[in-house]
Amino acid sequence: MRLELLRRRRARAAEVGFTGGNEVELLRGGDELFPRMHDAIRQAHSDIWLATYIFHSDATALALADALIAADRRGVRVRLVIDGFGSNGSLRELRERFAGSGVALAVFRPMDRWWRWLQPGQLRRLHQKLCVVDGAVAFVGGINVIDDRLDLHHGPSELPRLDFAVALRGSLVELVGQSVRAVWSRAWLGRDFDDALLDYVPLRRRLGLWFSQVWRGPQRLPEPVMPMSPVCAAFVLRDNLRRRRTIEHAYADAITNARSSVDIICPYFYPGQRIRQALRRAADRGVRVRLLLQGKLDYRLAGWAAEALYAELIGHGVEIHEYTPAFLHAKVAVVDGIWATVGSSNIDPLSLLLNLEANVVVHDAGFATQLAREVDAAVAVSQRVGASGGKGLRAMLRRAVVAWFAYVFLRVAGAAGRY
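Because the structure is a prediction, the values reported are computed rather than measured.

Interhelical geometry of helix α7 (residues 246-256) versus helix α8 (residues 273-284) gives an angle of 15° and a closest axis separation of 9 Å. Viewed along their axes, α7 and α8 adopt a mutual orientation that is roughly parallel. Considering the relative orientation of α7 and α8, their crossing is left-handed. Packed against α7, whose contacting residues are E248, H249, Y251, A252, I255 and T256, the element α8 presents R274, I275, A278, L279 and A282 at the interface. For the contact of α7 with α8, a count of residues per class yields seven nonpolar, two polar and two charged.

Positive phi values are uncommon outside glycine, yet R109 reaches one of about 50°. Relative to the helices and strands, R109 resides in the loop between β4 (104-108) and β5 (130-133).

A separate point is the confidence of the model for the protein chain. Note: predicted coordinates in regions of low pLDDT should not be interpreted at a detailed level. Residues of the protein chain with pLDDT of at least 70 account for 84%, and the chain-wide mean is 86. Considering only residues more than four positions removed or in separate chains, one finds that residues 9-13, a stretch of pLDDT under 50, has five contacts. Note that pLDDT drops below 50 for residues 191-228; the model gives that stretch 43 contacts with residues more than four away or on any other chain.

Scanning all chains against the criterion turns up four aromatic pairs. Where W49 meets W184, the ring centres are 5.7 Å apart and the plane angle is 85°; that geometry is what we call edge-to-face. One end of the pair, W49, is in strand β2 (residues 47-52); the other, W184, is in helix α5 (residues 172-189), and 135 residues separate them in sequence. Accessibility classification places W49 together with W184 in one group, the buried group. For the ring pair Y268 and Y299, a centre distance of 6.3 Å and an interplane angle of 55° mean the geometry is tilted. Within this pair, whereas Y268 is found in the loop between β11 (261-265) and α8, its partner Y299 is found in the loop between β12 (288-294) and α9 (300-307), the two being separated by 31 residues in sequence. We classify Y299 as partly exposed; its relative accessible area is 40%. By way of ring pairs, the aromatic residues W49, W184 and W188 are connected into one cluster. Stacked on the ring of F327, the Lys or Arg K296 has its end atom at 4.7 Å from the ring centre.

This part covers helix α12 (residues 365-380). The terminal C-alpha atoms of α12, which comprises 16 residues, lie 22 Å apart, in line with the 22 Å expected from a rise of 1.5 Å per residue. Listing the buried residues of α12 in full gives F367, A368, L371, A372, V375, A378 and V379. One face of α12 carries all of its buried residues, which in axial projection span an arc of 130°. For α12, exposure combined with an orientation more than 90 degrees from the buried face picks out R373 and A380. The opening residue of α12, the one whose side-chain oxygen lies 3.1 Å from the backbone nitrogen of G366, is D364.

The next point concerns the nonpolar core. One finds V81, V166, L168, F235 and F367 to be the most contacted residues of the largest nonpolar core, which totals 49 residues. A252, A305, L410 and A415 belong to the second-largest nonpolar core, a separate cluster that totals 45 residues.

Moving on, we come to helix α3 (residues 59-73). A rise of 1.5 Å per residue sets the reference length of α3, with its 15 residues, at 21 Å; its end C-alpha atoms lie 21 Å apart and thus fit the reference within 8%. When α3 is considered as a whole, its buried residues turn out to be A61, L62, L64, A65, A67, L68, I69, A71 and D72. Turning to α3, the residues buried within the fold contact α2 (29-43), β2, β3 (77-83) and α4 (91-98). Between the side-chain oxygen at the start of α3 and the backbone nitrogen of T60 there is a gap of 3.1 Å, and the oxygen is on D58. Two residues or fewer after α3 comes G75, characterised by a positive phi angle close to 100°.

Cut-offs and rules
- Residues numbered from 1 in each chain as written.
- Predicted model: local features only at pLDDT ≥ 70, side-chain atom pairs only at ≥ 80, totals over all residues.
- Heavy atoms only, no water.
- Axes fitted to C-alpha atoms, helices over the stretch in contact; angles between N-to-C directions.
- Helix = DSSP H or I, 4+ residues; strand = E, 2+ residues; numbered from the N terminus.
- Parallel < 35°, antiparallel > 145°, perpendicular 65-115°, else oblique.
- Left-handed = near helix turned anticlockwise from the far one by under 90°.
- Contact = heavy atoms within 4.5 Å.
- Nonpolar A, V, L, I, M, F, W, Y, C, P; charged D, E, K, R; others polar.
- pLDDT = per-residue confidence, 0-100.
- Phe/Tyr/Trp six-rings, centres within 6.5 Å; stacked < 30°, edge-to-face > 60°.
- Buried < 20%, exposed > 50% of the residue type's maximum accessible area, 1.4 Å probe, protein only.
- Lys NZ or Arg CZ within 6 Å of the ring centre and 35° of its normal.
- Expected span 1.5 Å × (residues − 1).
- Arc of directions from axis to C-beta.
- Polar contact = N/O pair within 3.5 Å; in protein donor to acceptor, adjacent residues only side chain to side chain.
- Core = buried A, V, L, I, M, F, W, Y, C linked by side-chain atoms within 4.5 Å.

Structure (structure tokens):
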């Protein structure tokens, strides 16, 4: 039994795929991310690939759209893919904006007709936020292309939403590029396929080279760069083929191996049995476990789902805090001051079982310490949930309703297996 557990853990470690030789820079919110993206786009000379769930039509988003158009005009190949549901409200304006340019806008699972809802798999959305410029720099995180002080459902706010991304240089950039090229190709061709299918096709190496030549064109040799610090990191995907539970495993294994602390920030929190059990056991053995969740709700049902687990987790000593200064959108975690993750994946059924997601996992004390400081600062301005949270008959009924709704939703969406 123990040998089997060890084998599974080794398989999951290989599944994550850590590599050295990376530069990983933490970026807080669009106020830090978008200027960096603009700089990279202005300096681009070969290609730009961008994938996002929401590409809005506010001033911040349109400024980025104009930067992409300007890059296209000077001969840079620009490929953009957006989710058909998340960006449905701004799709017409974006198409008008890009009309006449060479920017190739692809829509992942469009929702422009009522009958689209009847097509299978429409609950499985593109939730990744990825950008790769010239194969040299990549941006990965949870930040959509929209102003930080604008919420689609609640309008403008005084303070920016809490969110994070990372800027990458080094060995991981090519993996990010492969992912965004694959999802753009999938949406552009309008077929329900995935790059992982190539692993089941003979001569896949030749096919991969052919796809690379078709979609990327001739590649320039990279410019010489200064030696990079050897940050150990991994680019972790969730899809609906080979990597169905990769992000869930990464979280669960990190929590299971925690010795001193686990800090998680997540807006939509309704973990499955594996992560819930890992959190309970970590707290039971004396690990400080802190969860920072939404206090200012954008979706009432999401808040109910998280609250349904309060009593269970608090009963085991897990600290739960609610962030109230602004909307919370960050999906980050720090474990033992050495393991950290930043990405697009929530800890809920949508992200862990249905959507296309992407996280960066970093095994580096310097980066983890920097992210931990951000977590501490956010917790300091939040409200801690008391021991009575989630108790009583009403709370029991809420847990039952949420569990039933989650079960039905997953069955309708076609998700298999236990959650």
